[in-house]
Structure formats: structure tokens, C-alpha cells
Amino acid sequence: MANGQWFPQDWPERIRALTDGTLVPVVPKRAATVMLLKDTDDGGPVVHMLRRRASMAFAGGAYAYPGGGVDPRDDDLHVRWAGPTRAWWAERLGVDETAAQAIVCAAVRETYEEAGVLLAGPTPDSVVGDTTGADWEADRAAVAARDLSFAEFLDRRGLVLRSDLLGAWTRWITPEFEPRRYDTWFFVAALPAGQRTRNASTEADRTVWIRPSDAAASYDKGELLMMPPTIATLRRLAPHATAAEALAAAPGQDLAPVLAQARLDGDEVVLSWPGHDEFTKHIPIGTTGGGTA
């Protein structure tokens, strides 16, 4: 394969169905994902990535960041909140205040569920330390199983959600021809002092800390499989020399949603992501399978 771009075998058929009007797009579910950074002594920061299990129906085998869909309870009003106001986040994310809290909460919750890292503290200017004890793990598992809402978890432990530790980076919407669709906000954050990541996700079989430039190079050589949003964000992270520098750059990032477009052009389907020419694909009408390309 030329690179590691994830390309499911049923895409050509679904794209043709979308272009001829026989496929009705699924409404995308709101989601959040976090690019967790850690500074190193040599060569800039590394980012935490996980490899989705090959058995997963969506993006199996692909490298991604911790993240997932918004829980309906993520907008619970009693969440203790530090950092920019909900109104500020609503304007930044392009949604109303209720949705803004839900998206930010989802980012923090999913990072805790899948990486064991918690962006919260007992006061508005503190962060919890080590979260690997048995009592923490029991709570994390209960949140992940939806037996305990994230708001209830924070309230039980007297914790404040640190929205100021997140920077909104980009927004991508799953193509209209996909059966599972997500409207995903990507955030950047630095690993809090005293905490460490672990593979706490049932959806991943491997986790790595890797320099964005190294991950992008491995993708270019076809060694790492990724979806377009993942490799696009890695390329934009690579120039930053520290995690703090990346966070400082977040307010200037464009959050206009990126949505793939599919059109018929003669005897082929053209698939493109506006503003990201490297992902454009020309698929012959007779193509029946994809794999990676």
C-alpha cells in the first residue's frame, strides 16, 4: 500500500449508493477525542495513541487517540467547572452551552476511561496525582460501563473538571456514506504531573507514546494504519516543540468541520476531504473492494 490510509472494502459500494440517492445518511453522534502530549528530553513532545482491535467494526487496526461518543449525562448541570466558562466553550465549539459542556466532559471522561488520565482536581487550580489504585480503577470501570455518570463520579470525589487544560484543535465529521457517523471535536492536552497512561480501553490492543513526526512518517511508509483525521492532526502537531506550545496554538486552530465529499466523475467516484488533498481517492465504478491504499 502507498500509505496507511484506512479504507474499508465496502466504501465504493456505499459511495455509489449515496451518489445515486439510494443511501440515506445517518445522523452523526457528537464525540470528542484527546491528543494527550508529554514532553521529552530530546526531540520534542510525544503523543499517546492506541491501536483499535482488528475485530472492531469501525476502524479496526487503525491507530487513534482516546475518545468516544458523548454520554447523554455529560451535560449534567452539577459538574464543578474550572477554566473558560460554558458560554466561552459554546462559542469556541460552535454549539449551545449544554452541548459545549457535554463535549468537554466527554473529552475528559473518555481520556480517563481509555487512558486512565484524569483532567480534574480537588480545586480549580490543582490536578489529581496517581490514579492507578484499586479504588480509582473501580470508579473508572463503573464510569466506562455507564453504571456511574461522570458527573456523579466527580461529585463523589469532590473534583473540579479542568476545562482550562484542554485546547480545541479541529473538528471532523464522519463521511455521509458511513453506517456509523460521528461529529468529533479533537482536543489537545498535556499529561498532568504524577499521572501515567495505561491501556484501559477494551477497544484497543496496544498503546504507544510516539512523536507526531515519527507516527506520520510510519503512516507515509504504510506501517501504521490511520483514518484521515488522525494523520491530519499529527501533521499539524509535529512542528510544536513542547506540549505547552501546542496548547498555546490551540485557540488559533480552525474548527470549521471537515466532511468528506463523494461525487461521480465519468467512470469513477471521486472521494475528497476539503482542505486535505492528500486523502483524495479516485475509485473506478467497477471497484468492489478497498482494503488500505
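In this report, the structure presented in the accompanying data block is examined. (Residues numbered from 1 in each chain as written. Predicted model: local features only at pLDDT ≥ 70, side-chain atom pairs only at ≥ 80, totals over all residues. Heavy atoms only, no water.)

1. Notes on the pattern of salt bridges
- Under the definition given, this model contains 19 salt bridges.
- Close ionic contact of Asp 139 with Arg 156 constitutes a salt bridge, the shortest N to O distance being 3.3 Å. Placement of the pair is Asp 139 in helix α4 (residues 134-144) and Arg 156 in helix α5 (residues 150-157), with a sequence separation of 17 residues.
- Each of Asp 71, Arg 73, Asp 74, Arg 109, Glu 110, Glu 113 and Arg 146 takes part in a single network of salt bridges with overlapping partners. (Salt bridge = Lys/Arg side-chain N within 4 Å of Asp/Glu carboxyl O. Helix = DSSP H or I, 4+ residues; strand = E, 2+ residues; numbered from the N terminus.)

2. Observations regarding the side chain of Asp 183
- You can see Asp 183 is positioned in strand β10 (residues 182-190).
- Excluding its chain neighbours within four sequence positions, the residues that come into contact with Asp 183 are Pro 28, Lys 29, Arg 30, Ala 31, Arg 171, Trp 172 and Ile 173. (Contact = heavy atoms within 4.5 Å.)

3. What about the side chain of Arg 140?
- Relative to the helices and strands, Arg 140 is located in helix α4.
- Here the side chain of Arg 140 touches Glu 137 through a polar contact of 2.8 Å, side chain to side chain.
- When residues no more than four places from it in sequence are discounted, the contact partners of Arg 140 are Tyr 112, Glu 113, Arg 198 and Ala 200. (Polar contact = N/O pair within 3.5 Å; in protein donor to acceptor, adjacent residues only side chain to side chain.)

4. So, the sheet that holds strand β15 (residues 276-284)
- Ordered in space as β13-β14-β15, the three strands form an open sheet in which the pairing is antiparallel. One side of each edge strand has no neighbouring strand; the edge strands of this open sheet are β13 (261-265) and β15. Here the average twist between neighbouring strands, direction ignored, is 20°.
- The pairing of strand β14 (residues 268-273) with β15 spans five bridges and is antiparallel. Note that in β15 the partner of Trp 273 across the bridge is His 276. (Pairing = 2+ DSSP bridges. Axes fitted to C-alpha atoms, helices over the stretch in contact; angles between N-to-C directions.)

5. Examining the nonpolar core
- Among the nonpolar cores identified, the biggest contains 42 residues, and Trp 89, Leu 93, Leu 118, Phe 153, Leu 161, Leu 166 and Phe 187 are the most heavily contacted of them.
- Where this core is concerned, the elements lending two or more residues are β2 (29-38), α2 (86-93), α3 (97-115), α4, α5 and β10.
- Of the residues forming this core, the biggest block, eleven residues, is contributed by α3.
- Once residues lying within four places of it in the same chain are set aside, the contact partners of Leu 118 are Val 108, Tyr 112, Val 127, Val 128, Thr 131, Trp 136, Phe 150, Phe 153, Leu 159, Pro 192 and Gln 195.
- By size, the runner-up hydrophobic cluster in this structure holds 37 residues, among which are Ile 15, Val 208, Ile 210 and Ala 250. (Core = buried A, V, L, I, M, F, W, Y, C linked by side-chain atoms within 4.5 Å. Buried < 20%, exposed > 50% of the residue type's maximum accessible area, 1.4 Å probe, protein only.)

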